[in-house]
Structures are given as C-alpha cells and as structure tokens.
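The lines below spell out each chain.
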Amino acid sequence: MWLAAYAIGITIVLVVICVYHYRERERQFYDYQDKVTGVQLEEMHHIYMTMRGWRHDYHNHMQKIRAHLALGEYQEADKYIDLMETELAGIDLKYHTGNAGVDAMLNSKLTLADKNGLQIKCDAILPEKLPFNQIDLCVLLGNLIDNAIEACGKMLKAENRFLRIYMCVQKQQLYISVSNATNEPVRKLDRDYISKKRGNHGHGLKRINLIVEKHQGYLNRQNEPGVFATEIMLPLDCI
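Draft legend 1. Region of interest: the sheet that holds strand 2 (residues 162–170). On the basis of which strands lie adjacent, the open sheet formed by five strands has the order 1-2-3-5-4 and mixed pairing. With partners counted over all chains shown, the strands left at the sheet margins are strand 1 (119–124) and strand 4 (218–224), one partner each. Averaged over all pairs of adjacent strands, the angle between strand axes in this sheet comes to 5°, irrespective of strand direction. Bridge count for strand 1 against strand 2 is six bridges, and the pairing is parallel. Bridging across to strand 2, K121 finds its partner in R164. Across the face of the sheet, helix 5 (residues 134–153) comes into contact with strand 2, strand 3 (173–181) and strand 5 (227–235) while running at roughly 15° to strand 3.

Draft legend 2. Region of the structure containing the pattern of salt bridges. Under the defined criterion, the tally for this structure stands at three salt bridges. A salt bridge links K214 to D136; its shortest N-O distance comes to 2.6 Å. Here K214 is found in helix 7 (residues 199–214), whereas its partner D136 is found in helix 5, with 78 residues between them in sequence. By relative accessible area, which is 53% here, K214 ends up exposed. What makes D136 buried here is its relative accessible area of 7%.

Draft legend 3. Region of interest: the packing of aromatic side chains. One pass over the structure, following the stated rule, counts one aromatic pair. A cation over an aromatic ring shows up here: R164 above the ring of F162, its NZ or CZ 4.1 Å from the ring centre.

Draft legend 4. Geometry of the side chain of N107. Inspection of the secondary structure assignment puts N107 in helix 4 (residues 100–115). By relative accessible area, which is 12% here, N107 ends up buried. From its side chain, N107 meets the backbone nitrogen of K94 in a polar contact 3.0 Å long. When near neighbours in sequence (up to four residues on either side) are disregarded, N107 contacts L93, K94 and Y95.

How each quantity is defined
- Residues numbered from 1 in each chain as written.
- Predicted model: local features only at pLDDT ≥ 70, side-chain atom pairs only at ≥ 80, totals over all residues.
- Heavy atoms only, no water.
- Pairing = 2+ DSSP bridges.
- Helix = DSSP H or I, 4+ residues; strand = E, 2+ residues; numbered from the N terminus.
- Axes fitted to C-alpha atoms, helices over the stretch in contact; angles between N-to-C directions.
- Contact = heavy atoms within 4.5 Å.
- Salt bridge = Lys/Arg side-chain N within 4 Å of Asp/Glu carboxyl O.
- Buried < 20%, exposed > 50% of the residue type's maximum accessible area, 1.4 Å probe, protein only.
- Phe/Tyr/Trp six-rings, centres within 6.5 Å; stacked < 30°, edge-to-face > 60°.
- Lys NZ or Arg CZ within 6 Å of the ring centre and 35° of its normal.
- Polar contact = N/O pair within 3.5 Å; in protein donor to acceptor, adjacent residues only side chain to side chain.

All quantities given are derived from atomic positions and should not be read as evidence of function.
Spelled out as structure tokens, the structure:
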C-alpha cells in the first residue's frame, strides 16, 4: 500500500515540476517579447524625433543649398544634397499608420516578411494615440505577423506566399485583420488547436488570446483552404 502511495506522490511531484518549468519558459518568452518590443519602440521614437528635427531644419537646408547655387558653387550644393540623402536614407519608413508604436512594429516585422518573399499588402490608418498599453498592442501585432511568416515559410512555392494587414478605428473599436497564405489542412480552431502548436507559434497564439481577453476584445480565427485569417476588435471605451 505504501509503495502505491509513494508512487502516486512521486508522480504528483513530477507533474508539478513539469507544469512549473512550462510556465517558467512561457513567462521567459513573454518577458523577452516585451523587452524586444520596448527596444523597438525606443528606436522608433528616436527616428520620429530625428525626422521632426529634419522638418524643423528644412528651410535652413534649402537656404544653404540656394546660397551655394547663387555663388555658383554647384559641386558644394551637390555634395550637400548627397549628404542629406544619405542621412535621410537611414531614417526612412516604408509603412506609416499615424501611430509611432504600430509603425515601429510594422516596419520591423514587415521588413523580415519581405525578405522571406511574402507578397505584402498593408492598409493601416490609426490615430497618434490609442488607449492601450503600447507593449500589449505591439506584442499582439508582432505575434500575428510572426505566425503569418512562419506559416508562409512552410509553403514550397514562394509566389504563393502572401500577407495582408488591415487596421483602422471604427465605431469606437480598434479593428485588426491579418490574413496569410497557408498549406495547413482546414480544421477547427479551438483551444485544442492552440495546445497542439509547439514552440514560439503556440506561445504566440496563447499570448494573442490573453491580450485580447485583457482588453475585453473580440477574436475570430478562420482557417479556409489556402488562407488563415485573424480578426480582432478591441473596444476603445473600456479602458
């Protein structure tokens, strides 16, 4: 009898240890995501401030170029223009939504998506400020795009890989739609689907769920032949 009780006790301890280690790895993954996203937001703030400085000094730059031209110093004017173009190239942004945090995430992640051969269509217009924690919003968007890149990466034909993003504010809600190509079989998208995903993909799906629940939002996933789509609505008036 005591052997059976001992065995049961050992089993329970092992289960507890496994659960602890799983949750600890999950926590470390979330902490790492938040840290990386925070760095990206800081970088984007720096870029925005640099761009603002360029706009502020625009007339000074034009006056200097005009002065060189008026004096016939064409080579000096040409060199100055080259210098301006070089500096501006380092702060150019391909995707502009109106929200600095979202711009940081989109320009970072979609650059990676482009390098992976995805055909990208992004239509996003947002206000400068949203009543959400910027980390939550960017982690949410980052996981959606990461999962899309991963799914497209499993497709053999690069020309079939696509990623479509649509974001806007309508009826006091932030609307997010992300759809991508996939070769996964059509299946029911419930908690069992998430639990069977391993690694960062599974953690990413769970993190998306947690953030949407945190902000009392709506989440809908659709898996149709060749397409995986996620729709999210986050109310702006419940914060």
